[in-house]
Amino acid sequence: MESELKDLNSNPPSSKEERPLLKSDSDLAAAIEELDKKFAPYARTDLYGTMGLGPFPMTEKIKLAVALVTLVPLRFILSMSILLLYYLICRVFTLFSAPYRGAEEEEDEGGVVVQEDYAHMEGWKRTVIVRSGRFLSRVLLFVFGFYWIHESRPDRDSDMDSNHKTTSTEINQKGEAATEEPERPGAIVSNHVSYLDILYHMSASFPSFVAKRSVGKLPLVGLISKCLGCVYVQREAKSPDFKGVSGTVNERVREAHRNKSAPTIMLFPEGTTTNGDYLLTFKTGAFLAGTPVLPVILKYPYERFSVAWDTISGARHILFLLCQFVNHLEVIRLPVYYPSQEEKDDPKLYASNVRRLMATEGNLILSELGLSDKRIYHATLNGLFCKS
């Protein structure tokens, strides 16, 4: 999302004709209100206002000032210490291990890139990396003010259609009951509200994520992403031999479904973040393989500051997050969704049905908006504030 904001900021509306003429603060407020209604899934409704720019009540200014000299320095030092500690753990336990090398992929420039990760390691070293990663991710969430995380696991077996569940026993040819192990989900699918979603999923199941190739080269984070088994993708490629995001993800979903030792992959099928009240149209990448998926719904209740990463800049968001003493997270972990044959044959239908189920269970509003609409919303807001 940070790259989206950079793109928008580097290309603001250039002419006066492209910008609305605002004569007063009331005109600005009316224009923003109209935009928020049209692009509701991305609108901030917390005390901090659109783009986190306020205006702030005096009591809130006092709270922020106190937190800036107490909570923020402490939390910053602790969070960086945790990050460094886990990096050192990853470095030590991968020191004499060769990374798993996936299939070669061709880049636009004609070079060859190989997927590398340490998530395919086996044995006690992998156990240490996973368990310490899950523990330290939860500690980091605690440092950020998520002292309690409420998780619920609704049992929908009695309500689900028989096509969407697998029985543990089947009758063999002799009429005897034969136990059969349920299929392993190929992917975890979740709504996307904030970068904090990643920390939660790391603490819960330590899955792989989809990330840009540049992430693997970042200091500290790069090695950690390889221990997670992140799928590095090039989002825009001109080479006809390049498999693209969906092809790479599809292979990893199938691998996770077939192989218990393979890392589970975590996907955000919306493709971008919302304010947490809506569920956007799902992309089909997680559903192309036709394997079962595990739906997870994240909700962040708030009173003052919403941790949703929507119109607010990254630096401002992190600052306000560290200033808030208590943050809340509620998680709804649904049963594994087993697709029918019709859904396996039609990934769009499969994605749509899972999306509707998640919206119903999470009390979320369905929206047909997408990333392109979000970019329009951001660009228009930037234009309004620049004009004012």
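Only a predicted model underlies this, so the values are computations on that prediction, with no experimental measurement involved.

Right, let's get into the overall build of the protein. Tallying secondary structure elements over the protein gives 12 helices and 13 strands in all. Counting every position in the protein, which comprises 388 residues, the buried fraction comes to 48%. Residue pairs in contact within the protein that sit at least 24 positions apart in sequence constitute 75% of those at least 6 positions apart.

Looking now at the packing of aromatic side chains. A ring pair, where both rings are aromatic, is described by two values, the distance of the centres and the angle of the planes. Scanning all chains against the criterion turns up 16 aromatic pairs. The interplanar angle of 75 degrees and the centroid separation of 6.1 Å between the aromatic rings of F146 and Y300 together place this pair among those described as edge-to-face. Of this pair, F146 sits in the loop between α5 (124-143) and β3 (149-152) while Y300 sits in the loop between β11 (293-299) and α9 (314-323), and the two are 154 residues apart along the sequence. Residue classification places F146 among the buried positions, given a relative accessible area of 0%. Given a relative accessible area of 10%, Y300 falls into the buried group. Among the aromatic side chains, those forming a connected cluster through ring pairs are Y48, F56, F305 and F320.

Turning to the side chain of E255, a few remarks are in order. Within the fold, E255 resides in helix α8 (residues 244-258). Residue E255 is classed as buried on the basis of its relative accessible area, which comes to 14%. Excluding anything up to four places from it in sequence, E255 contacts Y100, H120 and A262.

Y86, I129, F144, F146, L196 and Y300 are the most contacted members of the largest nonpolar core, which totals 53 residues. Sorting the residues of this core by element identifies α3 (58-69), α4 (71-93), α5, α6 (196-204), α7 (221-228), β11, α9 and β12 (329-333) as the ones contributing at least two each. In terms of residues, this core owes the most to one element, α4, which gives 8 residues. Dropping the residues within four chain positions of it, Y300 is found in contact with F146, V193, L196, D197, V307, H328 and L329. Counting 25 residues, the second-largest nonpolar core is a separate cluster that includes V231, V249, I265 and L267.

On to the packing of α5 against α6. Closest axis-to-axis distance for the α5/α6 pair is 7 Å, and the angle between their directions is 140 degrees. One element, α5, and the other, α6, form an angle in the oblique class. Of the two elements, α5 crosses α6, and the hand of that crossing is left-handed. When α5 is examined against α6, the residues R134, S137, R138, L140 and L141 are found in contact with a partner set consisting of L196, L199, Y200, M202, S203 and A204. The class makeup of the residues in the contact of α5 with α6 is 7 nonpolar, 2 polar and 2 charged.

A few words on empty space enclosed by the protein. Summed over all chains, the structure comprises 2 cavities of 30 Å³ or more. Taken as a whole, the largest cavity holds about 50 Å³ of empty space. Lining the largest cavity, in full, are A43, R44, T45, D46, N275, D277, Y302, S306 and D310.

Thresholds, definitions, all that
Sequence order as written defines residue numbering, which begins from 1 separately in each chain. Per-residue local features of the predicted model are confined to residues with pLDDT of at least 70, and side-chain atom pairs are confined, for both listing and counting, to 80 or more; whole-chain, interface and lining totals are unaffected and use all residues. Side-chain descriptors were evaluated using all non-hydrogen atoms of the structure, hydrogens and water having been removed beforehand. Each helix is a run of H or I in the DSSP string that is no shorter than four residues. Each strand is a run of E no shorter than two, and both are numbered from the N terminus. Note on exposure labels: buried denotes an accessible area under 20% of the residue type's maximum, exposed denotes more than 50%, and partly exposed covers the range between, all computed with a 1.4 Å probe on protein chains only. Only heavy atoms enter the contact rule, under which two residues are in contact if any of them lie within 4.5 Å. When the centres of two rings from Phe, Tyr and Trp lie within 6.5 Å, Trp using its six-membered ring, the rings pair. Their planes under 30 degrees apart give stacked, over 60 give edge-to-face, and anything left gives tilted. For this analysis, a nonpolar core means a set of buried residues of the types Ala, Val, Leu, Ile, Met, Phe, Trp, Tyr and Cys, connected via side-chain atoms within 4.5 Å. Note on geometry: axes are lines fitted to C-alpha atoms, helical ones only across the stretch in contact, with angles between N-to-C directions running from 0 to 180 degrees. Each angle receives one of four descriptions, namely roughly parallel if under 35 degrees, roughly antiparallel if over 145, roughly perpendicular if within 65 to 115, and oblique otherwise. When the near helix sits turned anticlockwise from the far one by under a right angle, the crossing is termed left-handed; a clockwise turn instead gives a right-handed crossing. Under the scheme applied, nonpolar residues are Ala, Val, Leu, Ile, Met, Phe, Trp, Tyr, Cys and Pro; charged residues are Asp, Glu, Lys and Arg; polar residues are all the others, including Gly. Each cavity reported here is a set of points on a 1 Å grid over the protein atoms alone in which a 1.4 Å probe fits but cannot get out, each pocket an open set with protein on both sides within 12 Å along at least five of seven lines, and each lining residue one with an atom within 4 Å of a point. Grid points are joined across faces, edges and corners, and a volume is the space filled by probe spheres set on the points.

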